[in-house]
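# Close look at the chain arrangement
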Amino acid sequence: MYTYMTKVNGFQELIHEISFQLNPSVGPTTFGLAVTFHGVGHCLGALAAAWWTNRRYKAKKPLMAGYILMLFSNCLFLLADHVPTELTAPFIMMCRFLGGLGMGNTSTLRTTLTAHSMSDDRAKAMSVFIGGRALGLILGPGLQLIFLFFGDTGLRLIGSLHIHSHNAAAFISIILNLSAIVALFTLYHEIERNGSSCSQRSIEDDENWPLPDKLAMFVCMLTRYCQNFTYYAIETLAPAFIMMMFNMERDSAVGIMSVVFFISGVFAITLYSTFVFSDVARRLNIGKVNTASLLIFMIYILSTYQWPFIPTNVFVTTDGSHGGCDYSIYSWCLGLPKTSQEFFYIGYIISFGGCVPFINVGDATLYSKLFNPVGQALEQSLYDVSQIFARVVAPVLCTAIYSSFGPQRVWELLFAQLVVVTFLWIAFANRMIPLRPKPRPVFYLE
């Protein structure tokens with residue numbers, strides 16, 4: 001059930017990629033605002049779901065509210081065709097905000113999964129959770145290719161409402177949201193304790209657990225932020241970077257990066273499946289694996305950096321629409337070294353396809369073990385916020401740096417963040433360990 005629910009949440013990520021095709025006049029700035037609105041909604045939704053869960057110590061209603069909000073958001077999106085053109089952008093921003101609020105239930109899902117799993121099986125449970133979300137993100141773009149056959153007119157649904165290539169993803173999401181709601185009613189059960197429903201807290205447990213290590217908590221959150229910042233930065237810049245660096249047409253750049261994304265995703269899903277159906281995840285040394293994965297990320301950044309000793313420079317032109325570096329727009333084009341095309345693609349697959357699953361599962365598993373296994377709603381919502389913050393900030397900041405100073409400064413920023421996080425894992429390795437309950441006092445009767 002958790003795999004299916006997280007797959008539903010992952011599929012929602014597809015919507016913002018195609019939403020603005022309804023209004024060709026909307027530019028990148030408005031698109032960026034829509035992503036920001038979604039991120040803000042996600043943050044608020046995660047915190048609200050955490051408050052609700054901790055207030056009643058039950059997760060079913062917050063989960064239900066999240067899927068209802070996503071359902072309402074997608075239903076509104078289907079009506080975007082009938083909104084006046086000048087109101088399309090604000091309307092879709094509202095849809096994205098409501099969808100973000102609904103996706104705040106992701107932290108509640110992780111909280112419930114933690115409470116339902118034993119400590120020894122936590123890594124496998126996290127693999128199910130994260131793998132389900134990754135599967136939804138992979139299936140989304142694949143289904144969108146099928147939706148293209150619907151064309152701009154599509155199929156008539158009811159009256160003047162049509163399902164076409166631009167809104168078919170929202171229609172599928174509605175079906176998935178409804179099925180998730182049905183699954184909550186039929187398959188989901190709160191934890192029963194002493195004959196009563198008490199899914200999130202035990203007073204005795206609270207008294208028996210020491211305070212969590214806030215430094216370890218911060219390092220886990222910073223790791224999640226840094227990993228996602230690197231991912232969203234490269235994902236955002238990849239088409240423009242490939243066009244500029246390797247002198248490619250836009251269609252070719254988008255096509256080859258789509259293939260790289262797909263191979264990377266299949267690699268990641270294979271690893272998640274291995275974690276789920278074997279004991280590999282349970283045997284991982286999280287500290288060493290995370291440190292090694294971060295070091296591989298650093299090697300990837302270094303191997304694709306535009307070093308001054310590289311003999312070949314990028315192709316400079318005054319019309320970058322067909323590839324090459326447009327000197328009329330970017331003054332940093334002249335003398336910019338050309339990085340290895342093979343290192344960029346293969347390194348991406350190894351780093352994001354091979355290392356991200358280890359970081360995702362290891363970091364999330366350790367973070368869930370830093371606290372009492374029940375009642376983690378607030379902590380898990382903060383963990384989600386660290387990812388959302390990276391998703392909102394990375395595209396805007398890295399695009400601005402890239403436009404003003406070139407890719408070298410972006411790579412240096414990514415490398416600096418990775419160095420800081422890796423140093424923290426090495427320096428505080430003795431504190432990056434699960435929290436253990438205090439030994440219970442033993443009384444002897446004379």
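Residues numbered from 1 in each chain as written. Predicted model: local features only at pLDDT ≥ 70, side-chain atom pairs only at ≥ 80, totals over all residues. Heavy atoms only, no water.

As recorded by an unreviewed UniProt entry, the chain carries the name MFS domain-containing protein and is attributed to Caenorhabditis tropicalis.

### Section: the side chain of Ser 386
Its location among the elements puts Ser 386 in helix H15 (residues 377-405). Ser 386 sits in the buried class, given a relative accessible area of 9%. A distance of 2.5 Å separates a polar side-chain atom of Ser 386 from the backbone oxygen of Tyr 383. (Helix = DSSP H or I, 4+ residues; strand = E, 2+ residues; numbered from the N terminus. Buried < 20%, exposed > 50% of the residue type's maximum accessible area, 1.4 Å probe, protein only. Polar contact = N/O pair within 3.5 Å; in protein donor to acceptor, adjacent residues only side chain to side chain.)

### Remarks on the nonpolar core
Counting 102 residues, the largest nonpolar core has Met 244, Tyr 272 and Phe 344 as the members making the most contacts within it. Counting residues per element, this core draws most heavily on helix H10 (residues 214-246), which supplies 20 residues. Residue assignment places this core across two domains, with domain 1 (1-190) and domain 2 (210-435) each supplying three or more. (Core = buried A, V, L, I, M, F, W, Y, C linked by side-chain atoms within 4.5 Å. Domains from an automatic or database assignment.)

### A look at helix H13 (residues 286-303)
Over its 18 residues, H13 runs 26 Å from end to end, which matches the ideal 26 Å to within 8%, given 1.5 Å per residue. Three or more residues of H13 are buried, namely Ile 286, Val 289, Asn 290, Thr 291, Ser 293, Leu 294, Phe 297, Met 298, Tyr 300 and Ile 301. (Expected span 1.5 Å × (residues − 1).)

### Brief notes about the packing of aromatic side chains
Per the stated rule, a full pass over the model turns up 23 aromatic pairs. Consider the rings of Phe 275 and Phe 358, whose centres lie 5.2 Å apart with planes at 70°: the pair is edge-to-face. Of this pair, Phe 275 sits in helix H11 (residues 250-277) while Phe 358 sits in helix H14 (residues 341-368), placing them 83 residues apart in sequence. Given a relative accessible area of 1%, Phe 275 falls into the buried group. A connected cluster of aromatic rings, assembled from ring pairs, spans Tyr 231, Tyr 232, Phe 241, Phe 246, Phe 261, Phe 297, Tyr 300, Phe 344, Tyr 345, Tyr 348, Phe 352 and Trp 411. (Phe/Tyr/Trp six-rings, centres within 6.5 Å; stacked < 30°, edge-to-face > 60°.)

### Remarks on the packing of helix H4 (residues 60-78) against helix H6 (residues 105-116)
For the pair H4 and H6, interaxial distance at closest approach is 9 Å and the crossing angle is 150°. Judged by the angle between their axes, H4 and H6 are roughly antiparallel. Two packed elements cross with a definite hand, and for H4 against H6 that hand is left-handed. Residue-level inspection shows Pro 62, Leu 63, Gly 66, Tyr 67 and Met 70 of H4 in contact with H6, the latter providing Asn 105, Thr 108 and Leu 109. Of the residues that constitute the contact of H4 with H6, the class distribution is five nonpolar, three polar and no charged. (Axes fitted to C-alpha atoms, helices over the stretch in contact; angles between N-to-C directions. Parallel < 35°, antiparallel > 145°, perpendicular 65-115°, else oblique. Left-handed = near helix turned anticlockwise from the far one by under 90°. Contact = heavy atoms within 4.5 Å. Nonpolar A, V, L, I, M, F, W, Y, C, P; charged D, E, K, R; others polar.)

### Some remarks on the side chain of Arg 122
Tracing the backbone through its elements, the reader meets Arg 122 in helix H7 (residues 122-147). Arg 122 gets classed as buried once you look at its relative accessible area, which sits at 3%.

### Focus: the environment of Ser 179
Relative to the assigned elements, Ser 179 resides in helix H8 (residues 168-186). Overall, Ser 179 belongs to the partly exposed group, its relative accessible area being 24%. On a C-alpha basis, the gap between Ser 179 and Tyr 67 in space is 9.7 Å, while along the polypeptide they are 112 residues apart. Polar contacts involving the side chain of Ser 179 include one to the main-chain carbonyl oxygen of Leu 176, which spans 2.6 Å.

### Topic: the pattern of salt bridges
Throughout the structure, instances matching the rule amount to five salt bridges. Linking Arg 110 and Asp 384 is a salt bridge whose minimum nitrogen-to-oxygen distance equals 3.0 Å. Taken as a pair, Arg 110 in helix H6 and Asp 384 in helix H15 lie far apart in primary sequence, 274 residues in all. By relative accessible area, Arg 110 is classed as buried at 3%. (Salt bridge = Lys/Arg side-chain N within 4 Å of Asp/Glu carboxyl O.)

### Examining a nonpolar patch on the surface
A cluster of nonpolar residues, Val 259, Phe 262, Ile 263 and Val 266, forms a patch on the protein surface that exposes about 350 Å² of accessible area. Mapped onto the secondary structure, Phe 262 falls in helix H11. (Patch = residues over 30% accessible without salt bridge, like charges linked within 9 Å, V, L, I, M, F, W, Y side chains within 5 Å. Areas by Shrake-Rupley, 256 points an atom, 1.4 Å probe, with all protein chains shown as cover.)

### Some words on the confidence of the model for the chain
Averaged over all residues, the pLDDT of the chain equals 80, while 81% of them reach at least 70. When pLDDT is averaged over each element of the chain, helix H16 (residues 407-427) comes out on top at 95 and strand E4 (residues 196-197) at the bottom at 42. Taken together, the stretch residues 14-26 has pLDDT below 50 and engages in 37 contacts with residues farther than four places along the chain or on a different chain. Scored below 50 in pLDDT, residues 193-204 makes 34 contacts in the model with residues more than four places away or belonging to other chains. (pLDDT = per-residue confidence, 0-100.)

### Topic: the packing of H10 against H14
Where H10 meets H14, the axes come as close as 11 Å, and the angle between the chain directions of the two elements is 160°. By the angle between their axes, H10 is roughly antiparallel relative to H14. Where H10 crosses over H14, the handedness of that crossing is left-handed. Counted together, Met 217, Cys 220, Met 221, Thr 223, Arg 224, Gln 227, Thr 230, Tyr 231, Ile 234, Phe 241, Ile 242 and Phe 246 of H10 and Gln 341, Phe 344, Tyr 345, Tyr 348, Phe 352, Val 356, Ile 359, Asn 360, Asp 363, Leu 366 and Tyr 367 of H14 form the full contact between these two elements. In terms of residue class, the contact of H10 with H14 is made up of 16 nonpolar, five polar and two charged.

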